[in-house]
Amino acid sequence: MAPRRRAGPPPGPSLAVAAGLVGLLSAALALGGDSTAFPWQGVRLPKDVVPVRYHLVIHPNLTSLTFAGSTTIEVTVTWQTSAVVLHSKHLRIARATVEAGHGRPAQEARVVEQQALEQVALLTAEPLRAGHNYTLRIQYQANLSESFRGFYKSTYRTREGELRVLAATQFEPTAARMAFPCFDEPAFKARFSIKIRREPKHLALSNMPIVKSVNVTPWLVEDHFDTTVKMSTYLVAFIVSDFKSISKITSHGVKISVYTVPDKINQADYALDAAVKLLDFYEDYFSIPYPLPKQDLAALPDFQSGAMENWGLTTYRESALLYDPEKSPASSKLWITMIIAHELAHQWFGNLVTMEWWNDLWLNEGFAKFMEFVSVSVTHPELRVEDYFLRRCFDAMAVDALNSSHAISTAVEDPAQILEMFDNVSYEKGSCVLNMLRDYLTADVFKAGLVQYLQKYSYQNTKNEDLWNSMTSICPTVGKDKSELQGDGFCRSSQQSSSSAHWTNRETPDVRAMMDTWTLQKGFPLVTVTVRGKNVHLRQERYVKGVDAALSAGYLWHIPLTYITSKSDAVERFLMTTKADVIILPEEVEWVKFNVDMNGYYIVHYEDDGWDRLINLLKENHTAISSNDRASLVNSVFQLVSINKLSVSKAFDLSLYLKYERQIMPVLQGMSELIPIYRLVERRDMDGTEKQLKEYIVNLFKDLIDKQSWSDEGSVSERFLRHSLLLFACVHRYQPCVDKAEGYFTEWQKSNGTLSLPADVKTAVYAVGAQTSEGWDFLLSKYRLHSFSVERDNIEWALSLSRSKDKLQWLMDEGLRGDIIRTQDLPHIIVFVSKNPSGYHLAWTFLKENWEKFVEKFELGSNSIAAIVTGVTSRYSTRSQLAQVKEFFGSLDEKSAQLRCVQQAIETIEDNIQWMDRNLEKVETWLQNNHL
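Each value, and the rule that gives it
Residues numbered from 1 in each chain as written. Predicted model: local features only at pLDDT ≥ 70, side-chain atom pairs only at ≥ 80, totals over all residues. Heavy atoms only, no water. Disulfide = S-S within 2.5 Å. Helix = DSSP H or I, 4+ residues; strand = E, 2+ residues; numbered from the N terminus. Buried < 20%, exposed > 50% of the residue type's maximum accessible area, 1.4 Å probe, protein only. Polar contact = N/O pair within 3.5 Å; in protein donor to acceptor, adjacent residues only side chain to side chain. Pairing = 2+ DSSP bridges. Axes fitted to C-alpha atoms, helices over the stretch in contact; angles between N-to-C directions. pLDDT = per-residue confidence, 0-100. Contact = heavy atoms within 4.5 Å. Expected span 1.5 Å × (residues − 1). Salt bridge = Lys/Arg side-chain N within 4 Å of Asp/Glu carboxyl O.

Trainee: For this particular structure, what's the right way to read the state of the cysteines?
Mentor: Covalent bonding between the sulfur atoms of two cysteines is what defines a disulfide. On inspection of all chains with the given rule, the structure shows two disulfides. Two residues share a disulfide in this structure: C393 and C432, whose sulfurs sit 2.1 Å from each other. With the S-S dihedral at roughly -105°, the linkage between C393 and C432 falls on the left-handed side. Taken together, the positions of C393 in helix 5 (residues 389-400) and C432 in helix 7 (residues 425-441) put the pair 39 residues apart, joining distant regions of the chain. Pair check on accessibility: C393 and C432 agree, each one buried. Here C730 pairs with C737 through a disulfide, and the sulfurs are 2.3 Å apart. Every disulfide takes its handedness from the sign of the S-S torsion; for C730 and C737 that torsion is -90°, giving left-handed. Among the residues examined, C730 registers a relative accessible area of 2% and is labelled buried.

Trainee: Explain the side chain of E859 here, please?
Mentor: By secondary structure assignment, the location of E859 is in the loop between helix 24 (851-858) and helix 25 (863-873). Given the relative accessible area of 14%, E859 is considered buried. Side chain to side chain, E859 and R149 meet in a polar contact 2.6 Å long.

Trainee: Would you explain the sheet that holds strand 28 (residues 568-576) in this entry?
Mentor: Within a sheet, neighbouring strands are paired by backbone hydrogen bonds and run either parallel or antiparallel to one another. The strand order across the open sheet built from three strands is 28-27-30, with neighbouring strands paired in antiparallel fashion. Looking along the sheet, the strands with just one partner apiece sit at the ends: strand 28 and strand 30 (592-594). Taken pair by pair, the neighbouring strands of this sheet meet at an average axis angle of 25°, ignoring direction. Looking at chain direction, strand 27 (residues 559-565) and strand 28 are connected through six bridges and run antiparallel. Directly across from T565, in strand 28, lies its bridge partner S568.

Trainee: Before we go on, may I ask you to explain the confidence of the model for the protein chain in this structure?
Mentor: It should be kept in mind that the predicted coordinates are not to be read in detail where pLDDT is low. Looking at the protein chain, pLDDT values average 91 and 92% of them are 70 or higher. Residue range residues 1-34 is modelled with pLDDT below 50. Its contacts to residues more than four positions away, or to other chains, number 38 contacts.

Trainee: Is there a simple way to think about the environment of A142 in this case?
Mentor: Of note, A142 is situated in strand 8 (residues 133-143). Separated by 675 residues in the primary sequence, A142 and R817 have C-alpha atoms spaced 24 Å apart. Apart from residues lying up to four places away in sequence, A142 is in contact with T66, F67, H90, L91 and R92.

Trainee: Which parts of the structure should I look at to understand helix 2 (residues 269-286)?
Mentor: Quick reminder: α-helices carry 3.6 residues per turn. Residues three or four places apart thus point the same way. A rise of 1.5 Å per residue sets the reference length of helix 2, with its 18 residues, at 26 Å; its end C-alpha atoms lie 26 Å apart and thus fit the reference within 8%. With respect to burial, helix 2 is a largely interior element, 14 of its 18 residues being buried. Phi turns positive one or two residues past the end of helix 2, at S287, with a value near 55°.

Trainee: It is not clear to me how the pattern of salt bridges should be interpreted in this structure. Could you clarify?
Mentor: Note that side chains of opposite charge can pair when their charged atoms are close. Counted by the stated rule, this structure contains 50 salt bridges. Between E146 and K153 there is a salt bridge, with the nearest N and O atoms lying 3.8 Å from each other. The shortest N-O distance in the salt bridge between R197 and E222 comes to 2.7 Å. Separated by 25 residues along the polypeptide, R197 in strand 11 (residues 191-198) and E222 in strand 14 (residues 220-225) bring together distant segments of the chain. The class of E222 is buried, set by a relative accessible area of 9%. Within this structure, K89, E118, R177 and D184 form a network of salt bridges that share partners.

Trainee: What am I meant to see in the pairing of strand 10 (residues 163-170) here?
Mentor: Side-chain direction in a regular strand flips from residue to residue, so the side chains alternate between the two faces of the sheet. Where strand 9 (residues 150-157) meets strand 10, eight bridges bridge the pair, whose relative direction is antiparallel. Its bridge partner lying in strand 10, G150 is registered against Q170. Taken together, strand 9 and the strand that follows it, strand 10, pair antiparallel across an intervening segment of five residues, in which G161 is found at a positive phi of about 95°.

Trainee: When you look at the sheet that holds strand 25 (residues 524-532) in this model, what are you seeing that I'm missing?
Mentor: Pairing within the open sheet is mixed, and its four strands lie in the order 29-26-25-31. Two strands close off the open sheet at either side, each with one partner strand: strand 29 (580-584) and strand 31 (603-606). Averaged over all pairs of adjacent strands, the angle between strand axes in this sheet comes to 25°, irrespective of strand direction. Looking at chain direction, strand 25 and strand 31 are connected through four bridges and run parallel. Each bridged residue has a counterpart across the sheet, and for V527 the counterpart in strand 31 is V604. Packed on one face of the sheet, helix 12 (residues 627-642) meets strand 25, strand 26 (535-543) and strand 31 and runs near 75° to strand 31.

The following block contains the structure:
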């Protein structure tokens, strides 16, 4: 939804100027008349005062859990004003002065606060003159935050059980204002000189290296950090702790260090080596040196998201950075490498070049998500990251198919709306659309465009179109002999035959016109293919669930179509820019498959006997097309059932081939289409159908499950597949799996947890062990031990599978208390419990009873809140459940009720109801007629 605009000037190019005048006018009125009125009404700050440099002195007290601060800001005035408006939240400002320099005395400023907008104004008796520089000095105090944002408290226990306290920051998107008064918007870039006061037993970290340390008193040290480069406030960071570190120097001379709590420093080696490789890769790929002398990676015991890209001091949840070669599963190595790759990509995309405002957050996040794949496929080819790219596009489409989705680039104003942008659309869809663009432009042209964009806008802020303009008419300079600039200003490789010259296009490709269709409108296209002899008829429409078709009439995309046929596996390309079009093939074919390797962000429907031909191909010779193509067919066929384009029996017909599938992508995709259907049926207490469907799914993958060795052998993909298959088999009570897991668990219990279990089968063993009360208690006792810290996520999951309601309730209560189970883990524990047939009522009640506490801890609009809301309700499929969800969220304040995740949850339940009404009987019939 578009946010309500405050009364102000009409929209237009002079908006900023007009808004500034309105601000100045109200400032003048405030000072002349009612002196307590706040001089500014906008959510965004006025542009009349611009920060150039901050000098911060921060003194945290880890005993009283408070901090004192002094902020000095050198500013330039662009428009005369008597009010300097900046951000401040939960800070107790004691004194503020404004100094003009040139030996003139500082004038005291009166401070007024507008809590609703998280702003303060410094009111001066003498106006600040345009074109002049001033210095603001502000003294303040505050409490360390009890949430996961701002300057917040974190704790951990040593191996001996001693509780230790540290303080760390998380400012993105709008929490720097909780640590120091500042112009807390991404376009107000400035340089930061930071000093931190600490006890001698602690160490302080910040974005830059320490240049000197001064003993203020025998029990107080002040660390002076070097001045940063020009950057946004949300990237400032500091930590005061007793962490230990290990370091290496990259081949470009940057010092990389990993910081952890002292007892876990032995788990930091993998991350250090990965970071060195990745930072070297990016410096070479972007042809822009990393501009700071060091890059620290710090693992924080309490951390809400996965990681944060603060320039020079990236911070991580412990499970996203620490790796134990003996105990961590293969999936852990994959996840850690990807996250480090993501945060280091941000050092260029986001930190060096930053979006002008949060509406274009995807310029940061979509890129970092995409670059994970580009970088890790080169630095760590053994991880085979390309096996996991499709999954994220399917995840993005699941959200993007709902009417509550939003365009990649969407207007946002207040902090809750900004937080909501950190979702699957900005991250996953952003990366999938970039992947499609790279496939369209070729990797060389795409890379050259990126480098041009980064070089042109270094230390600046950008909008969507700046990127597209950089991508247009680029010819890579590398290997010029192989490339030639066509007459249309487009780059093609001269080695290709003219018939398959990169894109069949009728005029100069216009990157901006094409990409605007993907970033400025929500959703994605469904392309319907009808083959008539040699003619392939195409038409596009918006793929959307459950909405009146009329609402989707105005949508049109520029779709870079690709296809292969039974006669040719050479990829043919065609840019579709109209509602309907026709391609003429050189000869008639048995089958045609569009969206090769699913490089495009669109779904394809084959009319008439098109699907039958593809189902037949999969049945007879599934390896004739790539595993990505097979995974995309599995996904598409079930998505088409959801919008009533295909019967569910057709989708199940296609799924039969999975019995012979051995590749990770199509197998996992088959599971992720079939298991949710099973979960919906399971909730309806329909024993017969539930049993038949479970047997069908288990039998489909039985041969593959039986082939798995209970070991850690094989490539990362093979290990990840084993982990997923054994988990699935044991949780769905496939007896051979359960028996083997029970045997392992008994042995492990007898050894008092000292027996070394293979890392990739551990979760399945724990899941089965947790089914008995005694096994559950034993697992919990290990969970609390230091030596099991890398396994906590897996043990939490196993504990949440208990059939005891008391135990499930205890897990959620403890997660909220945050002592035994960290509160950072509460969102996924609630979702785990909600997926358990014994726990779904408990999880919903827990959500309702603790809503205020969740909002206080995780913040309205955050990903954590969205995960709880959508996770708890995703399997609901009855009208009474829909009514309960609507009633509860309808009873909350307007901001909560209008959260996007609430709309998503409601739409998903409506979709589930419709799906069950339409398809349940057909599934029953199909299962009776088809036995594996």
